[in-house]
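This is what each chain is made of:
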Amino acid sequence: MKVTWLGHACFVLEGSKTVVIDPFLVGNPLAPVKPGDLKADVVLVTHGHGDHLGDAVEIARNCDCPVVAIHELSRILSSKGVEAVGMNIGGTAKVSGVSVTMVKAFHSADVEEDGGIISAGDPAGFVVEMDGVRVYHCGDTDVFMDMQLIGELYSPDVMLVPIGGWYTMGIREAVKAVELVKPKYVVPMHYNTFPVIETDPEEFKKAVEERVEGVEVRILRPGESLEVQ
């Protein structure tokens, strides 16, 4: 599998299928591509905030593919004329040939639309399994002890973890999250998009290497990829 970071929390997973997660591209100053550049078999959205829901509807329309989200958000997406697959925490669904498990995240999740706030269910993370490789996208979250269960149950090869602080956990908490999950690889995300979440990924890498054995930290620049066998 090839795991490509497109800035902020957006990743593309490419194997036998192509999975796009949290496609915030328009308005993302770090994004190296536009929505029309992406091809997808399925789009995953961790929660309804604009910097995660992003361009999901446009990409789903362009690619004629489904969007997977928590049930309440899926209903909002369905009203926009896209195929939306709703699921909930703890569930596993096979969508477009890809196994998707929805797991906990601790954050807020409502959608802002037409100047108002719409309830859009809870935030989530995803464990995606494709071609024998498992990727855990934490979504926006703080660290929580049940991450240890996620590690034990799903044994992710790759963990995509926010480190920017302010709206999510920062470096100290993210290092603990890696310690709980124990993936083979970890890629930091959700940092340096905006001034309020500026942080140094090298500091995160150093801290993980000092505290967690057997985990390789890969710092990607937007557009760069990690290849996982």
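Calculation rules
Residues numbered from 1 in each chain as written. Predicted model: local features only at pLDDT ≥ 70, side-chain atom pairs only at ≥ 80, totals over all residues. Heavy atoms only, no water. Pairing = 2+ DSSP bridges. Helix = DSSP H or I, 4+ residues; strand = E, 2+ residues; numbered from the N terminus. Buried < 20%, exposed > 50% of the residue type's maximum accessible area, 1.4 Å probe, protein only. Arc of directions from axis to C-beta. Axes fitted to C-alpha atoms, helices over the stretch in contact; angles between N-to-C directions. Contact = heavy atoms within 4.5 Å. Patch = residues over 30% accessible without salt bridge, like charges linked within 9 Å, V, L, I, M, F, W, Y side chains within 5 Å. Areas by Shrake-Rupley, 256 points an atom, 1.4 Å probe, with all protein chains shown as cover. Salt bridge = Lys/Arg side-chain N within 4 Å of Asp/Glu carboxyl O. Left-handed = near helix turned anticlockwise from the far one by under 90°. Nonpolar A, V, L, I, M, F, W, Y, C, P; charged D, E, K, R; others polar.

Trainee: Would you mind showing me how to read the sheet that holds strand β14 (residues 185-189) here?
Mentor: What links the strands of a sheet is backbone hydrogen bonding, and the strands pair in either a parallel or an antiparallel sense. Strands sit in the order β7-β8-β11-β12-β13-β14-β15 across an open sheet of seven strands; the sheet is mixed. Either end of the sheet is taken by a strand with one partner, and the two such strands are β7 (92-95) and β15 (216-217).

Trainee: I would appreciate a short explanation of helix α2 (residues 56-63) in the present structure.
Mentor: Because each turn of an α-helix spans 3.6 residues, side chains separated by three or four positions in sequence point in the same direction. Residues Ala-56, Val-57, Ile-59, Ala-60 and Cys-63 constitute the buried set of α2. Buried residues of α2, viewed axially, fall in a sector of 165°; they line one side.

Trainee: Looking at this model, I keep getting lost on the sheet that holds strand β16 (residues 225-227). Mind explaining?
Mentor: Spatially, the seven strands line up as an open sheet ordered β6-β5-β4-β3-β2-β1-β16, and their pairing is mixed. Each having just a single partner strand, β6 (84-87) and β16 make up the two edges of the open sheet. Adjacent strand axes in the sheet meet at a mean angle of 20° when their direction is disregarded. The sheet contact formed by strand β1 (residues 2-5) and β16 spans three bridges and is antiparallel. Within the sheet, the bridge partner assigned to Val-3 lies in β16 and is Leu-226. Sitting on the sheet, helix α3 (residues 71-78) is in contact with β5 (67-70) and β6, with an inclination near 135° to β5.

Trainee: I'm lost on a nonpolar patch on the surface in this one. Help?
Mentor: There is a patch of nonpolar side chains on the surface, built from Trp-166, Tyr-167, Phe-194 and Val-196 and spanning about 460 Å² of accessible area. Among the structural elements, Trp-166 can be located in the loop between β13 (158-162) and α5 (171-181).

Trainee: Would you take a moment to explain the packing of helix α4 (residues 147-154) against α5 for this structure?
Mentor: Axes are the key here: two packed helices are described by the angle between their axes and the distance separating the axes. Relative orientation of the contacting elements α4 and α5 amounts to 35°, with a least axis distance of 7 Å. For the pair α4 and α5, the crossing hand works out as right-handed. Together, Met-147, Gln-148 and Gly-151 of α4 and Ala-177, Leu-180 and Val-181 of α5 make up the contact between the two elements. Of the residues that constitute the contact of α4 with α5, the class distribution is four nonpolar, two polar and no charged.

Trainee: What is the right way to look at the pattern of salt bridges in this model?
Mentor: When the charged atoms of two side chains lie near each other, side chains of opposite charge can form a pair. Here the structure, examined in full by the defined rule, presents 10 salt bridges. Here Lys-104 and Asp-146 are joined by a salt bridge, their closest N and O atoms 2.8 Å apart. With Lys-104 in strand β8 (residues 98-104) and Asp-146 in the loop between β12 (133-137) and α4, this pair connects stretches of sequence that are 42 residues apart. By relative accessible area, which is 35% here, Lys-104 ends up partly exposed.

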